[in-house]
Amino acid sequence: MVTRRAEAAGGAGATVDEGPAVQDHYPADAAHCYGCGARNPFGHHLKTRWADGSRTETITRFTPGPEQTAMPGYVYGGLVASVLDCSGTGSAALAGTHAAGLDLEGDGSLRYVTGTLEVRYQRPTPMSVELVVRGRVEEVKGRKVTVALTMTAGEDEVASGRVVALQLPDEMRSS
Ligand SMILES: CCCCCCCCCC(=O)SCCNC(=O)CCNC(=O)[C@H](O)C(C)(C)COP(=O)(O)OP(=O)(O)OC[C@H]1O[C@@H](n2cnc3c(N)ncnc32)[C@H](O)[C@@H]1OP(=O)(O)O
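Residues numbered from 1 in each chain as written. Predicted model: local features only at pLDDT ≥ 70, side-chain atom pairs only at ≥ 80, totals over all residues. Heavy atoms only, no water.

The name given to the chain in an unreviewed UniProt entry is Acyl-coenzyme A thioesterase THEM4, with the source organism recorded as Janibacter melonis. Database annotation for the chain, UniProt heading Sequence similarities (unreviewed entry): "Belongs to the THEM4/THEM5 thioesterase family." (UniProt positions renumbered as here; feature names shortened; annotations may be inferred.)

This is the structure in structure tokens:
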């Protein structure tokens, strides 16, 4: 299976990718996620950053390949969902950690899993075009962060959705 990394620059209008990716700060024992874990050789290796100085908008980029085909020329919907999913949990980790006044690089930074994922497929998603996911943090409430997401391919919005992410439960921790 081919492994690709999302490209980290260019092609997103006026949006600026700012600072390190949250996944760069996941500890080694929490970096196995298929969507965003740096230590998963078969995964997407998604990287989610603040999109600007507001600390409410995030950006994640991914370019799908032919093995992620639905119909020739178009991307499999499960891949679209998967990219939205980890864009949402990464955004939640950025937002929850920021809201708690913690440092991403510190031991106390917060990690999140998916509680609920909603996806609306708006248009067929073209293959081999960089997909840009923008996250907007709607709410940080206790253990829960809600993030609204849009995915664009070039000028077209191809999907949108929402992730409700909850802080990583103890039973899912590896140590
Ligand atoms: C370390 C780095 C990690 C990187 C990996 C990124 C993850 C990648 C994405 C994934 O694939 S994660 C895998 C798929 N997800 C799971 O397997 C999660 C399974 N579910 C659970 O473990 C628990 O149900 C969950 C942690 C989601 C919630 O349990 P909690 O005990 O934390 O929730 P609690 O009962 O305390 O409820 C807290 C709030 O969240 C709400 N809530 C609970 N479960 C929810 C849910 N599933 N969806 C939406 N909201 C939910 C609940 O209503 C409440 O809202 P309010 O505060 O407003 O009252």
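So that's the structure; there's more coming.
Examining the overall build of the chain
Counting its secondary structure elements, the chain contains 1 helix and 6 strands. For the chain, the sequential pattern of α-helices and β-strands runs β-β-α-β-β-β-β. Residues counted as buried form 45% of the 175 residues belonging to the chain. Pairs at least 24 apart in sequence give 65% of the contacts found in the chain among residues at least 6 apart. Roughly 8,700 Å² of accessible area belongs to the chain as shown, and the carbon and sulfur atoms make up 52% of that amount. (Helix = DSSP H or I, 4+ residues; strand = E, 2+ residues; numbered from the N terminus. Buried < 20%, exposed > 50% of the residue type's maximum accessible area, 1.4 Å probe, protein only. Contact = heavy atoms within 4.5 Å. Areas by Shrake-Rupley, 256 points an atom, 1.4 Å probe, with all protein chains shown as cover.)

Observations concerning the sheet that holds strand β5 (residues 144-153)
Taken together, the 6 strands give an open sheet; going across it, the order is β1-β2-β4-β5-β6-β3, and neighbouring strands pair in antiparallel fashion. Both edges of this open sheet fall to β1 (48-50) and β3 (112-121), since each of them pairs with a single strand only. Ignoring strand direction, the axes of neighbouring strands in this sheet form an average angle of 25°. Across 9 bridges, the pairing between β3 and strand β6 (residues 156-167) is antiparallel. By the bridge assignment for β6, Y112 is matched with Q167. (Pairing = 2+ DSSP bridges. Axes fitted to C-alpha atoms, helices over the stretch in contact; angles between N-to-C directions.)

Quick word on the site of the ligand
By nearness alone, 20 residues border the ligand, and T114, T116, K141, R143 and K144 come closest of all. Within the backbone of G115, a nitrogen or oxygen atom sits 3.1 Å from a nitrogen atom of the ligand. In the complex, 57% of the free accessible area of the ligand, which totals 1,200 Å², lies under the protein chains. At the level of secondary structure, the elements contributing two or more residues to the shell around the ligand comprise α1 (77-99), β3 and β6. (Near = heavy atom within 4 Å. Polar contact = N/O pair within 3.5 Å; in protein donor to acceptor, adjacent residues only side chain to side chain.)

Quick word on the pattern of salt bridges
Summed over the entire model, instances satisfying the criterion amount to 6 salt bridges. Of the charged contacts, one joins E118 and R162 as a salt bridge, the two residues approaching to 3.7 Å between their closest N and O atoms. Of this pair, E118 sits in strand β3 while R162 is found in strand β6, placing the two residues 44 residues apart along the sequence. What makes R162 partly exposed here is its relative accessible area of 28%. Notably, a salt bridge pairs D156 with R123, separated by 3.3 Å at the nearest N-O pair. (Salt bridge = Lys/Arg side-chain N within 4 Å of Asp/Glu carboxyl O.)

Points about the pairing of strand β2 (residues 57-62)
The element β2 is extensively covered by neighbouring structure, given that 5 of its 6 residues are classed as buried. Strand direction decides the pairing type here: β1 and β2, joined by 3 bridges, are antiparallel. Residue pairing in the sheet places W50 in a bridge with T58 of β2. Between β1 and β2, which pair antiparallel one after the other, the connecting turn spans 6 residues, and R55 there sits at a positive phi close to 65°. Sheet analysis places β2 next to strand β4 (residues 131-141), joined by 6 bridges and oriented antiparallel. Residue pairing across strands places R61 opposite V132, the latter belonging to β4.

Regarding the side chain of Q23
Positionally, Q23 belongs in the segment before β1. Contact partners of Q23, with chain neighbours within four places excluded, come to C36, L46, K47, T48, C86 and G90.

Observations regarding the pairing of β4
Taken residue by residue, a regular strand's side chains alternate between the two faces of the sheet. In this structure, β4 lies alongside β5, joined through 10 bridges in antiparallel fashion. When the sheet's bridge partners are listed, K141 is paired in β5 with K144. Between β4 and β5, which pair antiparallel one after the other, the connecting turn spans 2 residues, and G142 there sits at a positive phi close to 55°.

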